[in-house]
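# Working through the structure, step by step
These are the residues of each chain, in order.
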Amino acid sequence: MARMVGRPGRPRGRAFGGRSRNGRGGNGRPGSAGGSRPGGATVAVAPRKVALPPSLTVKELADALGVGVGQVIKQLMASGVMANINQEIDYDTAAIVATDLTFEVAPRAIEEEAGEEALPPDEEAHLVARPPVVTVMGHVDHGKTSLLDAIRQTNVTAREHGGITQHIGAYQAEINNRKITFLDTPGHEAFTAMRARGAQVTDVAVIVVAADDGVKPQTLEAISHARAAQVPLVVAINKIDKPEANPDRVKQQLVDAGVQVEVWGGDTVSVPVSAKKREGLDHLLEMILLVADLRGVRANPDRAADGTVIEARKDRQRGPVATLLVQNGTLKIGDIVVAGAVYGRVRAMFDDRGRPLKAVRPASPAEVLGLSDVPKAGDRFRAVPDDKTARAIAQRSLRREQALTAKPERPTSLETLFEQIQAGKVKELRVVLKTDVDGSIAPIRESLERFGGEQVKVRVLHAAPGTITESDVQLASASDAVIIGFNTRLEPGAKDAAEQAGVDLRVYSVIYQLVDDVKKALEGLLEPVYVEVVDGHAEVRQVFVIRGAPIAGCYVTDGRLLRGELVRVKRDKDVVFEGKIASLRRVKEDVREVGTGYECGVGVDGLKDAQPGDILECYRKERRGAVLA
């Protein structure tokens, strides 16, 4: 139990039961040890509970514990960590300090840490119909950009002198006195990148297919990305004005790809259009509204605004400029907005034609000035009551982002699948399937999808012949899916992208091994794949014997040594012993880790013959997905 440090008569550690240097206890009475009853009987004090975030400063830790900063710094030094009052420390380090100071520690929920308390659900009486938000996707050269431009010019700026004033990444079209919001993104990559950041903004996805060219690989990818997001589809069959146009062939190809078009008895609306001649555009917009109405898109305009950052940039004259899509509530001039780690007061707002706005209602985009910096596309934003709240949320969001970057949540993999099923975290195993030829898809898909039961099902998000691409990795990352390849190869960059995103990527050459691995994963029988990660090295300078056990006096040459981690002893490049670091001491104090440039005493379980000049290599084993031959 830690002793209090403080001036006589002024105990600082309210949570401690030990005596201070002047013999006073935690309540300032002589002889007290955490509280007393009349007659001097001691009362046991239960440890206080504290919830800590993934990272925080030394000052914030001291405030959370209700102790002096000096006490926290002293405990950190005892653990071999040198830190000043404003230095950031992680949860594990903070937990050790808090535990040493007799606190019971628990991690703080991410939502609580970010200050993003769940808002109460809107009452039915407050909800009104809002414009649907639409993303247009499709194969390159199939006329996506031409279609967007035709819709803009026909329905947005026909009465505007000089055409489009500016481009803000989102705009609204109008038909029959109803509005539709279009997100002008580069394609399904941007759509999925935003979804990977948690931004689910699209109500309807329009897939553009050229009538003269038919369904192509990027068309199938766009369909898979929209389906993974569980967004309803509307197919725009473009270029019907061309002599070689064959809409029926396109519909057949869509059916072959699993998209059942409505005119052939399915549930997916298809509309023939010509962006070049501006034919069928009104019908397309009417069908979008119909699909949105079936989905019932509504919002409450009478509350504080929240939504998503569509895009952002820094303008030389105007400073940070962000295109915000309001998804609920109404955003007004003067509102204080926080988006991720960025906040500020709304100074001005403009629509896609450059006209100033005073208020922006649900499902409407606006270019906003007044933020302190450039937010990230896909960040959520919300209006808050005051600067103090905005600043606190922004700082916490920044720390949360740093913590998640340092310690990302482990994504779904075949090795971890069974534990996640048991914990109730997953209800389906999502798969991106790539094969050598089209004929391999059906048997593999059928074999995978017949697995599972009430607890979990296998869902193939995307299946296509060809190499595994970075787009496949992006889809898997956004959807928490695994990538399975059969007799195919990886495009340059796909493997690195998968490792960086933590996506489980596997390539098989024998079909029964592929199917067997998935079956074992669902049953919890698949052996995990481990990868060694080296944390640091130390050179043995001297060997001591303390209480009959050899202790290696070491100098850490790079990285760090951690108590409890695996270690191998190398002598003349040969490994002479492998074990675990049982004890780690620095200047007579037990510590958790020792960094580069420091000396320490190391005790290794079972090591009897360490010699000066030996190299200790500290390492750990991490569970990883693997590319299998």
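Residues numbered from 1 in each chain as written. Predicted model: local features only at pLDDT ≥ 70, side-chain atom pairs only at ≥ 80, totals over all residues. Heavy atoms only, no water.

## As for the packing of helix H7 (residues 217-228) against helix H13 (residues 470-479)
Convention followed: Whenever a helix is involved, its axis is fitted only over the stretch in contact; in every case the axis is a line through C-alpha atoms, and angles between N-to-C directions fall within 0 to 180 degrees. A run of H or I in DSSP becomes a helix once it reaches four residues, and a run of E becomes a strand once it reaches two; helices and strands are each numbered from the N terminus. Any angle that is under 35 degrees is reported as roughly parallel, and any over 145 degrees as roughly antiparallel; angles of 65 to 115 degrees are reported as roughly perpendicular and all others as oblique. Any pair of residues with heavy atoms lying within 4.5 Å of one another is described as a contacting pair. Under the scheme applied, nonpolar residues are Ala, Val, Leu, Ile, Met, Phe, Trp, Tyr, Cys and Pro; charged residues are Asp, Glu, Lys and Arg; polar residues are all the others, including Gly.
Direction vectors running N to C along H7 and H13 enclose 10 degrees, while the axes themselves pass 10 Å from each other. By the criterion of interaxial angle, the relationship of H7 to H13 is roughly parallel. For the pair H7 and H13, the contacting residues are Glu221, Ser224, His225 and Ala228 in the first and Ser471, Leu475 and Ser479 in the second. Taken together, the residues that form the contact of H7 with H13 break down as two nonpolar, four polar and one charged.

## A few points about the pattern of salt bridges
For clarity, the threshold we go by: Here, a salt bridge means any Lys or Arg side-chain nitrogen found within 4 Å of an Asp or Glu carboxyl oxygen. For the exposure calls, accessible area comes from a 1.4 Å probe over protein chains only, and a residue counts as buried if that area is under 20% of its type's maximum, exposed if over 50%, partly exposed in between.
Taken as a whole and assessed by the stated rule, the structure comprises 26 salt bridges. In this structure, Arg178 engages Asp293 in a salt bridge whose closest nitrogen and oxygen atoms are separated by 2.9 Å. Of this pair, Arg178 sits in strand E8 (residues 178-183) while Asp293 sits in helix H9 (residues 281-295), placing them 115 residues apart in sequence. We classify Arg178 as partly exposed; its relative accessible area is 31%. A salt bridge links Arg313 to Glu367, with the shortest nitrogen-to-oxygen separation between them at 3.2 Å. In this pair, Arg313 is assigned in strand E13 (residues 306-315) and Glu367 in strand E20 (residues 364-371), connecting sequence segments 54 residues apart. Take Arg313: its relative accessible area is 33%, and that puts it in the partly exposed class. Among the charged side chains, a network of salt bridges with common partners joins Glu532, Arg568, Lys570 and Glu617.

## Quick look at the confidence of the model for the chain
Quick reminder of the rule: On a scale of 0 to 100, pLDDT captures the predictor's confidence in every residue.
In this model, the chain carries an average pLDDT of 79, and 79% of its residues clear a pLDDT of 70 or more. By mean pLDDT, helix H4 (residues 110-113) is the weakest element of the chain at 43, and strand E15 (residues 331-332) is the strongest at 95. This model gives residues 1-45 a pLDDT under 50, and the stretch forms 75 contacts once residues within four places in sequence are excluded. Counted against residues more than four places away or in other chains, residues 156-166, with its pLDDT under 50, gives 21 contacts.

## Re the nonpolar core
Nonpolar side chains in soluble globular proteins generally cluster together in the buried interior. Basically, it comes down to this: What we call a nonpolar core is a set of buried Ala, Val, Leu, Ile, Met, Phe, Trp, Tyr and Cys residues that are connected through their side-chain atoms within 4.5 Å.
Judged by nonpolar contacts, the single largest core of 29 residues is most densely connected at Val134, Leu147, Ile151, Phe182, Val206, Leu284 and Ile288. Counting residues per element, the ones that place at least two in this core are strand E6 (133-138), helix H5 (144-155), strand E7 (170-175), E8, strand E9 (204-210), strand E10 (233-238), strand E11 (269-272) and H9. Per-element tally for this core: the top contributor is H9, with eight residues. With 21 residues, the next largest nonpolar core counts Val50, Leu56, Val81 and Val97 among its residues.

## Things to note about the environment of Arg459
The condition that has to hold: The definition of a polar contact used here is a pair of N or O atoms within 3.5 Å, where within protein one atom must be able to donate a hydrogen and the other to accept one, and adjacent residues in sequence count solely through side-chain atom pairs.
By the secondary structure assignment, Arg459 is in strand E23 (residues 457-465). Residues Arg459 and Val431, 28 residues apart in the sequence, show an inter-C-alpha distance of 6.1 Å. With near-sequence residues (within four places) excluded, Arg459 lies in contact with Arg227, Ala228, Gln230, Glu428, Leu429, Arg430 and Val431. Engagement of the side chain of Arg459 in a polar contact is seen with the backbone oxygen of Arg227, the distance being 2.9 Å.

## Things to note about the state of the cysteines
Let me state the cut-off plainly: Cysteine sulfur atoms that pair up within 2.5 Å are treated as a disulfide.
Using the criterion set out here, one finds zero disulfides in the structure. In this model Cys554 remains outside any disulfide bridge; the closest cysteine sulfur is found in Cys600, 5.5 Å from its own.

## Topic: a nonpolar patch on the surface
Where we set the bar: The patches described consist of residues with a relative accessible area above 30% and no salt bridge, like charges being joined within 9 Å and nonpolar side chains (Val, Leu, Ile, Met, Phe, Trp, Tyr) within 5 Å. Each accessible area is a Shrake-Rupley estimate made with a 1.4 Å probe; only the visible protein chains count as cover when residues are assessed.
There is a patch of nonpolar side chains on the surface, built from Met77, Met82 and Tyr598 and spanning about 310 Å² of accessible area. Looking at the element boundaries, Tyr598 is found in the loop between strand E31 (593-595) and strand E32 (599-604). Looking at Tyr598, the relative accessible area reads 34%, which means it is partly exposed.

## Thoughts on unusual backbone geometry
In terms of backbone geometry, most residues other than glycine have negative phi values and most peptide bonds are trans. Here Gln230, not a glycine, exhibits a phi torsion of approximately 55 degrees, which is positive. Mapping Gln230 onto the fold places it in the loop between H7 and E10. Even without being a glycine, Ala363 presents a positive backbone phi close to 65 degrees. Note on Ala363: relative accessible area 1%, which makes it buried.

## Considering the packing of aromatic side chains
We count it as follows: Aromatic pairs are defined between Phe, Tyr and Trp rings, using the six-membered ring for Trp, whenever the two ring centres lie within 6.5 Å; interplanar angles under 30 degrees are classed as stacked, those over 60 as edge-to-face, and all others as tilted. Criterion for a charge above a ring: Lys NZ or Arg CZ within 6 Å of the ring centre, and within 35 degrees of the ring normal.
Applying the stated criterion to the full structure yields one aromatic pair. Geometrically, the ring pair formed by Tyr171 and Phe182 is stacked, given 5.5 Å between the ring centres and 15 degrees between the ring planes. A residue pair is termed long-range when its members are at least 10 positions apart, and Tyr171 in strand E7 and Phe182 in strand E8 qualify at 11 residues. Overall, Tyr171 belongs to the buried group, its relative accessible area being 1%. Since its relative accessible area comes to 1%, Phe182 is described here as buried. The cationic tip of Arg568 hangs over the ring face of Tyr619; the distance from NZ or CZ to the ring centre is 4.0 Å.

## A short note on the packing of helix H1 (residues 58-65) against helix H2 (residues 69-78)
Put simply, the test is: The sense of a crossing depends on the near helix, which, turned anticlockwise from the far helix by less than a right angle, makes the crossing left-handed and, turned clockwise, makes it right-handed.
The interhelical angle for the contact between H1 and H2, taken along N-to-C directions, is 115 degrees, at an axis separation of 9 Å. Taken together, H1 and H2 sit at an angle that is classed as roughly perpendicular. In the crossing of H1 with H2, the sense of the turn from one axis to the other is right-handed. Facing Val58, Lys59, Leu61 and Ala62 of H1, the residues of H2 in contact are Val69, Val72, Ile73 and Leu76. Along the lines of polarity and charge, the residues of the contact of H1 with H2 split into seven nonpolar, no polar and one charged.

## As for the side chain of Asp306
By the secondary structure assignment, Asp306 is in strand E13. A distance of 2.8 Å separates the side chain of Asp306 from the side chain of Arg380, its partner in a polar contact.

## Here we look at the sheet that holds strand E24 (residues 482-486)
To keep things clear, this is the line we draw: We call two strands paired when DSSP finds no fewer than two bridges between them.
Here four strands make up an open sheet; going across it, the order is E23-E22-E24-E25 and the pairing parallel. At either margin of the open sheet sits one strand with a lone partner, and together these are E23 and strand E25 (505-508). Going across the sheet, the axis of each strand differs from the next one's by a mean of 25 degrees, ignoring polarity. Relative to E23, strand E22 (residues 428-435) is paired through eight bridges, and the arrangement is parallel. When the bridges of E23 are listed, Val431 appears paired with Val460. Running over the sheet, helix H12 (residues 441-449) touches E22, E23 and E24 and is turned about 170 degrees from E23. Seen against the sheet, helix H15 (residues 511-523) touches E22, E23, E24 and E25 and runs at an angle of roughly 160 degrees to E24.

## Topic: the sheet that holds E11
In spatial order, the strands read E7-E8-E6-E9-E10-E11; together these six strands make up an open sheet with mixed pairing. In the strand order of this sheet, the two ends are held by E7 and E11, each with one partner. If you compare each strand with its neighbour and ignore which way they point, the axes differ by 30 degrees on average. When E10 meets E11, the two strands line up parallel, connected through four bridges. Along E11, the bridge assignment pairs Val235 with Ser270. Running over the sheet, helix H8 (residues 247-256) touches E9, E10 and E11 and is turned about 150 degrees from E10. H9 rests against E6, E7, E8, E9, E10 and E11 of the sheet, and its axis sits at about 95 degrees to E8.

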